[in-house]
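Chain and residue survey
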Amino acid sequence: VNLRFVLSEWNLKSKSEGEGFWQDLFVQHNFVLSLLFAYPVVLIRGKAFVGGKQIDNRHGAEADFLLATKTSGTGVLIEIKDPTTPLLDKTPYRNDIFVPSRDVVGAISQVLHYKETLSRELDKLRINTPLSGGEPRCIVIVGDSEELASESAKKSFERFRERLTGVTLLTFDEVFLRVQRLITVLAGQQEAGELDGL
């Protein structure tokens, strides 16, 4: 039921809701974030302070999500934008080559800044959290791959994200495709179980 609800929210609101809506949805249904990993993770906090404040109490770093791997306690930082955020600049840089949008590059820079801050200040922050000293992993969830209308746009986006080091770049529709696939698998298992009971 929760999976279907989350998927219906995506289908109804992917073009109309901003970052705050998706932040709240992922906090309330954080199992969606766990689908991004091949190993168990736990949500420590949404809008998590990861350090960086100066003496004037400003410049603190606040990640959209802070998770930890269940086995080792390695931190995972997730930065989200919203599904309508452009993935690429609208006009080609040269011929059929498109460059990432300012928002995508900004989100990547932001999550890398959070990673540095968390690594530097982890000892001060990890009271009552399962975090260990491992190097934090970084994920950015942004935009919708439906925007990539041409083959050259698709190739440009894939070329960029496949060569990123230290950051996994996903689109919102890819996240919700995982939800859809899990629903399909569970529905198939339920149907198989019903047939076994005949």
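Residues numbered from 1 in each chain as written. Predicted model: local features only at pLDDT ≥ 70, side-chain atom pairs only at ≥ 80, totals over all residues. Heavy atoms only, no water.

**With respect to the overall build of the protein**
- The helix and strand tally for the protein stands at 6 helices and 5 strands.
- Reading the protein from its N end, one meets helices and strands in the order α-α-α-β-β-β-α-β-α-β-α.
- Per-residue burial for the protein yields a buried fraction of 41% across its 198 residues.
- Of the contacts made within the protein by residues no fewer than 6 positions apart, 67% connect residues no fewer than 24 positions apart.
- Of the roughly 11,300 Å² of accessible surface on the protein, a fraction of 51% belongs to carbon and sulfur atoms. (Helix = DSSP H or I, 4+ residues; strand = E, 2+ residues; numbered from the N terminus. Buried < 20%, exposed > 50% of the residue type's maximum accessible area, 1.4 Å probe, protein only. Contact = heavy atoms within 4.5 Å. Areas by Shrake-Rupley, 256 points an atom, 1.4 Å probe, with all protein chains shown as cover.)

**Structural notes on the side chain of lysine 115**
- Tracing the backbone shows lysine 115 in helix H4 (residues 102–125).
- We classify lysine 115 as buried; its relative accessible area is 13%.
- Contact partners of lysine 115, with chain neighbours within four places excluded, come to Leu77, Glu135, Pro136 and Cys138.

**Quick notes on the pattern of salt bridges**
- Applying the stated criterion across every chain, the model contains 10 salt bridges.
- As a salt-bridge pair, lysine 15 and aspartate 144 come within 3.6 Å of each other at their nearest N and O atoms. Separated by 129 residues along the polypeptide, lysine 15 in the loop between helix H1 (2–13) and helix H2 (19–28) and aspartate 144 in the loop between strand S4 (137–141) and helix H5 (151–162) bring together distant segments of the chain.
- In this structure, arginine 120 and glutamate 121 form a salt bridge, with 3.9 Å as the shortest nitrogen-oxygen distance. (Salt bridge = Lys/Arg side-chain N within 4 Å of Asp/Glu carboxyl O.)

**A look at H1**
- The end-to-end C-alpha separation of H1 is 16 Å, in line with the 16 Å expected for 12 residues at 1.5 Å each.
- By the burial criterion, the buried members of H1 are Leu3, Val6, Leu7, Glu9 and Trp10. Buried residues along H1 cover an arc of 150 degrees about the axis, so they all sit on one side. Facing away from the buried side of H1 by over 90 degrees, the exposed positions are Arg4, Asn11 and Leu12. (Expected span 1.5 Å × (residues − 1). Arc of directions from axis to C-beta.)

**Some remarks on the sheet that holds strand S3 (residues 75–80)**
- Overall, mixed pairing links the 5 strands, which are arranged S1-S2-S3-S4-S5 in an open sheet. With one partner strand each, in any of the chains shown, strand S1 (41–49) and strand S5 (168–170) form the two edges of the open sheet. Neighbour to neighbour, the strand axes of the sheet diverge by 25 degrees on average, direction disregarded.
- The sheet contact formed by S1 and strand S2 (residues 62–69) spans 7 bridges and is antiparallel. Paired with leucine 43 across the two strands is leucine 67, which belongs to S2. (Pairing = 2+ DSSP bridges. Axes fitted to C-alpha atoms, helices over the stretch in contact; angles between N-to-C directions.)

**Some thoughts on the pairing of S2**
- Burial analysis of S2 places 7 of its 8 residues in the buried class, which makes it a mostly covered element.
- Pairing of S2 with S3 involves 4 bridges; the strand directions are antiparallel. Looking at S3, one finds that leucine 67 is bridged to valine 76.
- The turn joining S2 and S3, which pair antiparallel and follow one another in sequence, is formed by 5 residues; a positive phi near 80 degrees is taken by glycine 73.

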